[in-house]
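What the coordinates show
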Amino acid sequence: MGEFILNVNGAHLRVSAPAEESLLSVLRNRLNLTGTKYGCGEGQCGACTVLLDGRATRSCTLPVAQATSTQITTIEGLETNGKLTAVQQSFLNEGAFQCGYCTSGMILRATSLLHQTSSPTEEQIVKAMDGNICRCGSQPRILEAVKRAARPQPKGETR
Amino acid sequence: MSYRKEPELESFQYEYWSPSGSLSFDRRDFLKVLGGGVLVCLTYDLAWTQESGRSFGGHELPKDVSAWLHIASDGQVKVFTGKAEVGQNIRTSLAQLVAEELRAPFDSIVMVMGDTGLTPWDMGTFGSRTTPTMGPQLRTMAAAARQMLLEMAAERWHVSPDALTAAEGKIVDSQNSRSLTYGELTRGENLVKIVSGQETLTQAAEWKIAGTAVPKSEGRDFVTGKHTYPSDISRPGMLFGAVLRADGFNATLESIDTSEAEKLPGVKVVRDGDFTGVVAPDAFTAQKAISAIRAKWNVPAQPSNKNIFDVLKASADSGGEEGSKHAAGSVEQAMAAASVKLEKRYTVQYIAHAPLEPRAAVAEWSGDNLTVWTGTQRPFGVRDQLTQLFHIPAAQVRVIQPDMGSGYGGKHTGEAALEAARLAKSAGKPVKVVWTRQEEFTWAYLRPAGVMEIKAGAQQDGTLVAWEHHNYNSGSAAIATPYNVTNQLVQYHPSKSPLRQGSYRSLAAAANVFARESHMDGMAHAAGIDPLEFRLKNLTDPRLRAVFETAAGQFGWGRSKSTPERGFGIAGGVDKGGYVAACAEVEIDHAIKKVRIVRVVQAWESGAIVNPDGLRNQITGAIVQAIGGALFEEILFADGRILNPRFSQYCLPRFSDVPRIEVVLINRKDLPSAGAGETGITALAPAVGNAIFAATGIRLPNMPMSLKNNTPGQPEPAARK
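Quantities reported herein were computed from a predicted structural model and do not represent experimental measurements. (Residues numbered from 1 in each chain as written. Chains lettered and ligands numbered in written order. Predicted model: local features only at pLDDT ≥ 70, side-chain atom pairs only at ≥ 80, totals over all residues.)

1. Some thoughts on the overall build of chain B
Which entries qualify depends on this criterion: In this description a helix means any DSSP run of H or I spanning at least four residues, a strand means any run of E spanning at least two, and both kinds are numbered starting from the N terminus. C-alpha atoms define the radius of gyration in this analysis, and the globule rule sets the expected value at 2.2 Å times the number of residues to the power 0.38. To sort residues by exposure, count the other C-beta atoms lying within 10 Å of each residue's C-beta; 20 or more gives buried, 12 or fewer gives exposed, and values between give partly exposed, all with C-beta atoms placed from the backbone.
Helix and strand counts for chain B come out as 18 helices and 29 strands. Since a compact globule built from 721 residues should have a radius of gyration of about 27 Å, the 27 Å found for chain B is in line with a globular shape. Along the first, second and third principal axes, the C-alpha set of chain B runs to 80 × 75 × 45 Å. Relative to its full complement of 721 residues, chain B shows a buried share of 57%.

Printed below as a string of structure tokens:
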């Protein structure tokens, strides 16, 4: 067991866990941040996606010990003062989910993409999102939601 | 054409159909719990008749009443149904139907679903039954409640109920310019109304809330991560469990050493007959403890992909399950006289549902009472499994199904619930069990593999005269041909499957429609007739004709000719009240023998549309899911082991696989609403196969279809990415 301090959604959280335990497991089972999902445990489906310093990362294959010196953002950390980010709002507007289990990972992957590329082409979106699986088949709507979120934002809006 | 009505669901040996026990509490207690108001109940006899339309092994339901709808004094309407929301959007669509009949705002409706302690008994959420059965059921309750509210207001105002109207959660007396909200009417009341179920329902043409694109209820919780899935449930003092799995199917345990696992801090090993599991203070340690158990297994030799189709045919009609057969005229004589003939064998491999949320459960004992939160399409079925395992009355077991990370027919059973309950009983604390992806691939159940053999004959002008279709193992759904053929032999042969198999979205319809529509395409080409024209020539059913013509029109069927690099295909069918036709355009890269689906147009009709947005999402999703089974999904297995039980080995449709999809919905407001969760998956694969044939002249009769390996039963490992 190791003692770690994680910076999650702007808060410093103290947690004790084996160093090799995945960040996903720590978030879900020790910090009760269950918005991040388990899908495959091998970085293939993207359900566990979180942002590390703004970049989309698979938390299922990342040992918690390697996440201590980064700013971790989970789906719970996007909304500020009851306001959704443009990506979240866009997913909601498009109804870009069915069971919704992949949605957290999809939103964080898209958020990371739009941080890096503000106006991605469709090809870039497909490439960026291809590591995330929606088994319900909402891909066409997710694609549309990401495209709409990528359009120029009114002042004061954040992605 | 007459065809013995096929069972609406195919049951397999793993599925228990023995609902038992009486209601866990008196419905009159409901009002105490709910704090007064008006409770609308229905005698169970009628509910049963409407729900099933068939008998279940002599099972008798209690002659009790069950509560479906409660209007509280604040105007909030609680609706109770045992159906499960798994992503198909029924939490929203059912609420729309209730709001419509009750003349109440959509936002005033709260759906209480899939909770055996609160909702009326329900068989389960499958077979596209929610919309055609639960829909009218809840509409009836809502219409009865509306009538009651009208009568209550009439009594209070001393007027005739006929002078009053119900609208937007109020009873309005327009002559005297006064109104009462439902909340005002029910305040201080403590009424239980038992209804007969003979209410007149609002016609779809008059719908104002139903029939519209109401956004998914609680949609915000899905984009903020707030929604609690079964695997997210946490209880005070909860421990984490894991279960030891055998090295293969039908394995016997030779020896086991649990000493290393027991040395881990806080770990308890639980052994009970064949069952070995662990509980631990955290999930990581639970998995570590399972890995630390040394077990030796004897795994017998078993079939593999190489011989599966021979095995299924050899064991046909020996599975103890009853098949189905339809015969008319003489296929033999008609074939002899036919000038166009085609005979072919089609196959489908086992595939996995792979719901993104694997099986999960939290079990908590309180004395002899058990509560389990779990992801299942059959909460009452899981309750029965639990009562059987622990020999306790149903009244002591409550199964709660939080809206889950989908199922597609793959979560009819309660494995994780049973495991968590066993471990929790032994640990004396709540226990959570979440299956790993490998467990889900290996120890759940699969869409059956199957062999379809079809023989058909037509006259030179394209008139079908003979049709013979045999299905081995995969099932009877949609096996009847919708085309006009005088001489027919259509037969489903149950087999003994070496792998655990069960329901999958559309059951065997995906397999039977693939085989039939591929064969129809082959017949059309053999007769030298356009595939659409050939179908329409032999088709009377106006609804099926309509979807074919609609899809073809939108697609621009016949406008371009197929080339070796680009093919166009069409296919369609009807099952469970849903009519579907798809046109597909594919690109063939001959250098790497790769098929890419470029464009799909699918027309869909299932009567009156309850929610066009939700329906479009379902149909689009079905098309995307169908791509996997059509082109690359297959379970690889040998000697009792699944060889590709991971997402890195078993490919699912990804963004880059998804073509341009156009869904055309036909809204038949004059027809009852049918379910739309399943049949939308059936047309894509044959349309794609037919497009590949149009481009290349190669018929790919085995799903998944690949130009790289066209040998049945000898698939290449799915190492696509």
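Back to the write-up after that little detour.
2. So, the overall build of chain A
Using the following cut-off: For the purpose of contact definition, each residue receives a C-beta atom placed from its backbone, and two residues are in contact when these atoms lie within 7 Å.
Scanning chain A from terminus to terminus reveals five helices and five strands. Seen in sequence order, chain A has helices and strands lined up from the N terminus as β-β-α-β-β-β-α-α-α-α. Dimensions of chain A, computed from C-alpha atoms along their principal axes, come out at roughly 45 × 35 × 25 Å. Counting every position in chain A, which comprises 159 residues, the buried fraction comes to 56%. In chain A, 60% of the contacts between residues at least 6 apart in sequence involve partners at least 24 apart.

3. What to know about the domain arrangement of chain B
All names here are of chain B. Threshold: As annotated, the domain borders come from an automatic or database domain assignment. Here the nonpolar group is Ala, Val, Leu, Ile, Met, Phe, Trp, Tyr, Cys and Pro; Asp, Glu, Lys and Arg are the charged ones; every other residue, Gly included, is treated as polar.
The domains assigned to chain B are domain 1 (28-214), domain 2 (230-299 + 359-434) and domain 3 (308-351 + 446-703). For domain 2 and domain 3, the distance between their C-alpha centres works out to 39 Å. If you look at the interface, domain 2 gives nine residues, while domain 3 gives seven residues. Along the lines of polarity and charge, the residues of the side of domain 2 that touches domain 3 split into four nonpolar, five polar and no charged.

4. What to know about the interface of chain A and chain B
Taken together, the contact pairs 45 residues of chain A with 46 residues of chain B. Secondary structure elements with two or more residues in the side of chain A that touches chain B: helix H1 (23-30), helix H2 (86-94), helix H3 (103-116), helix H4 (122-129) and helix H5 (139-150) of chain A. Counted by class, the side of chain A that touches chain B contains 20 nonpolar, 18 polar and seven charged residues.

5. Looking at the nonpolar core
For soluble globular proteins, nonpolar side chains are generally found buried alongside one another. To keep it simple, the criterion reads: Connectivity within a nonpolar core runs through C-beta atoms within 7 Å, and the core itself is a set of buried Ala, Val, Leu, Ile, Met, Phe, Trp, Tyr and Cys residues.
Val98(B), Val278(B), Ala417(B), Ala420(B), Ala582(B), Cys583(B) and Leu684(B) are the most contacted members of the largest nonpolar core, which totals 265 residues. If sequence neighbours within four positions are ignored, Ala417(B) has contacts with Ala361(B), Ala363(B), Val372(B), Thr374(B), Thr376(B), Val382(B), Leu386(B) and Val399(B).

6. Quick word on unusual backbone geometry
What is expected of a backbone is that most residues other than glycine have negative phi and most peptide bonds are trans. Here the amide bond leading from Met703(B) into Pro704(B) is cis, since omega sits at 0°, within 30 degrees of zero. Relative to the assigned elements, Pro704(B) resides in the segment after strand S29 (702-703).

7. Looking at the packing of helix H17 (residues 612-631) of chain B against helix H18 (residues 684-696) of chain B
All names here are of chain B. Formally: In this analysis, axes come from line fits to C-alpha atoms, helices being fitted only over the stretch in contact, and the angle between any two N-to-C directions falls in the range 0 to 180 degrees. Oblique is the label for any angle not covered by the other classes, which are roughly parallel (under 35 degrees), roughly antiparallel (over 145) and roughly perpendicular (65 to 115). Less than a right angle of anticlockwise turn of the near helix away from the far helix marks a crossing as left-handed, whereas a clockwise turn marks it as right-handed.
As a packed pair, H17 and H18 sit with axes 8 Å apart at the nearest point and diverge in direction by 55°. Of the possible angle classes, the one that applies to H17 and H18 is oblique. Considering how the two elements wind past one another, H17 and H18 form a crossing that is right-handed. Of the residues in H18, those touching H17 at Ile 623, Ala 626, Ile 627, Gly 629 and Ala 630 are Leu 684, Ala 685 and Val 688. Per-class residue counts for the contact of H17 with H18 are seven nonpolar, one polar and no charged.

8. Some details on the sheet that holds strand S22 (residues 487-493) of chain B
Residue and element names in this part refer to chain B. Condition: Between any two strands, at least two bridges found by DSSP are needed for them to pair.
Strands sit in the order S14-S22-S21-S20-S15-S29 across an open sheet of six strands; the sheet is mixed. In this open sheet, the two strands that pair with only one neighbour each are strand S14 (324-328) and S29. Judged from the five bridges that link them, S14 and S22 form a sheet pairing that is antiparallel. Residue His 326 lies in a different strand from S22, and its bridge partner there is Val 490. Seen against the sheet, helix H14 (residues 509-527) touches strand S15 (340-348), strand S20 (450-458), strand S21 (464-472) and S29 and runs at an angle of roughly 150° to S15.

9. Remarks on the sheet that holds strand S6 (residues 170-173) of chain B
Residues and elements named next belong to chain B. Taking strand neighbours across the sheet as the criterion, the three strands line up as S5-S6-S7 in an open arrangement whose pairing is antiparallel. This sheet does not close on itself; its edge strands, each paired only once, are strand S5 (165-167) and strand S7 (178-181). With direction set aside, neighbouring strand axes in the sheet form an average angle of 25°. In this structure, S6 lies alongside S7, joined through four bridges in antiparallel fashion. Each bridged residue has a counterpart across the sheet, and for Asp 173 the counterpart in S7 is Arg 178. Relative to the sheet, helix H4 (residues 130-157) contacts S5, S6 and S7, its axis offset from that of S6 by approximately 45°.

10. Some remarks on the environment of Ala316(B)
Residue and element names in this part refer to chain B. Summarising the element assignment, Ala 316 is placed in the loop between helix H9 (308-314) and S14. As for Ala 316 and His 493, which are separated by 177 residues in sequence, their C-alpha atoms are 5.6 Å apart. Aside from chain neighbours lying at most four places away, what touches Ala 316 is Tyr 472, His 493 and Ser 495.

11. Quick look at the domain arrangement of chain A
Residues and elements named next belong to chain A. What the domain assignment lists for chain A is domain 1 (2-77) and domain 2 (86-150). Measuring from the centre of the C-alpha atoms in domain 1 to the corresponding centre in domain 2 gives 21 Å. Contacts between the two partners involve 14 residues from domain 1 and, on the opposite side, 13 residues from domain 2. Where the side of domain 1 that touches domain 2 is concerned, the elements lending two or more residues are strand S3 (49-52) and strand S4 (55-58). The element contributing the most residues to the side of domain 1 that touches domain 2 is S3, with three residues. In the side of domain 1 that touches domain 2, the residues fall into seven nonpolar, five polar and two charged.

12. As for the environment of Ser324(B)
For Ser324(B), the location among the structural elements is in strand S14. Separated by 168 residues in the primary sequence, Ser324(B) and Tyr492(B) place their C-alpha atoms 5.3 Å from one another.

13. A closer look at H4(A)
Residues and elements named next belong to chain A. As a reminder, the rule being used: Arc definition: directions from the helix axis to the C-beta atoms.
Three or more residues of H4 are buried, namely Ile 125, Ala 128 and Met 129. Each buried residue of H4 sits inside an arc of 90° when the element is viewed along its axis, so together they form one side. Those residues of H4 hidden inside the fold are in contact with H3 and H5.

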